[in-house]
Amino acid sequence: MTAEDFDLLPGEHPIVPVMIGDADRAGRVADLLLEYGVYAIGFSYPVVPRDLARIRVQLSAGHSTDDVERAVAAFAAARDALED
């Protein structure tokens, strides 16, 4: 994800917050991810501080390298779709 220029909160944990910032944008990215076959939840104020909206993804040992690569590609596609 960092190679695709996504801002991740530091640390090693199963829940990875992908920082989006804008609440509306986080919701739209989450909606697009679902369309691309990746289930992820957007969180915004008041659950997290204002202007620090994020999408939380959960990784497990059950995810293959292909699963992770597909998720990263979906995040990149969702971001790119919103930039058009």
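What you are looking at is a predicted structure, and each value in this text was computed from that prediction instead of being measured.

Notes on the overall build of the chain
Of regular secondary structure, the chain possesses two helices and four strands. In the chain, the succession of α and β elements from N to C terminus is β-β-α-β-β-α. Taking 12 Å as the expected radius of gyration for a compact globule of 84 residues, we find that the chain reaches 12 Å, a close match to that expectation. In the chain, which comprises 84 residues, the share counted as buried stands at 29%. A separation of at least 24 residues holds for 64% of the contacts in the chain among residues at least 6 apart in sequence. When the accessible area of the chain is evaluated, it comes to approximately 5,500 Å², of which 53% is carbon and sulfur surface. Here the chain contributes 7 positively and 15 negatively charged side chains, and the mean placements of these two sets differ by 7 Å.

Looking at the UniProt feature "domain: Aminotransferase class I/classII large" (unreviewed entry) in the chain
Within this structure's numbering, the places UniProt gives as "domain: Aminotransferase class I/classII large" (unreviewed entry) are residues 2-75. For residues 2-75, the helix share is 32%, the strand share is 24%, and the end-to-end C-alpha distance is 11 Å.

Re the nonpolar core
Formed by 14 residues in total, the largest nonpolar core has its most connected members in Val-29, Leu-33, Ala-40, Ile-55, Val-57, Phe-75 and Ala-78. At the level of elements, strand E2 (15-21), helix H1 (23-35), strand E4 (53-58) and helix H2 (65-83) are the ones that each hand at least two residues to this core. When residues of this core are assigned to their parent elements, the largest contribution, four residues, is made by H1. Apart from the residues within four sequence positions on either side, Phe-75 is in contact with Met-1, Phe-6, Val-18, Leu-33, Ile-55 and Val-57.

With respect to the sheet that holds strand E1 (residues 7-8)
Sheet architecture is open: four strands sit in the order E1-E2-E4-E3, paired in antiparallel fashion. Strand pairing shows two members of the sheet lacking a second neighbour, E1 and strand E3 (41-43), which therefore form its edges. For E1 and E2, the ladder comprises two bridges, and the chain directions are antiparallel. Looking at E2, one finds that Leu-8 is bridged to Val-18. Against the sheet, H1 touches E2, E3 and E4, its axis set at about 30 degrees to E4.

The rules behind the values
Residues numbered from 1 in each chain as written. Predicted model: local features only at pLDDT ≥ 70, side-chain atom pairs only at ≥ 80, totals over all residues. Heavy atoms only, no water. Helix = DSSP H or I, 4+ residues; strand = E, 2+ residues; numbered from the N terminus. Rg over C-alpha atoms; globule rule 2.2 N^0.38 Å. Buried < 20%, exposed > 50% of the residue type's maximum accessible area, 1.4 Å probe, protein only. Contact = heavy atoms within 4.5 Å. Areas by Shrake-Rupley, 256 points an atom, 1.4 Å probe, with all protein chains shown as cover. Lys, Arg positive; Asp, Glu negative; His and termini not counted. Charge placed at Lys NZ, Arg CZ, Asp CG, Glu CD. UniProt positions renumbered as here; feature names shortened; annotations may be inferred. Core = buried A, V, L, I, M, F, W, Y, C linked by side-chain atoms within 4.5 Å. Pairing = 2+ DSSP bridges. Axes fitted to C-alpha atoms, helices over the stretch in contact; angles between N-to-C directions.

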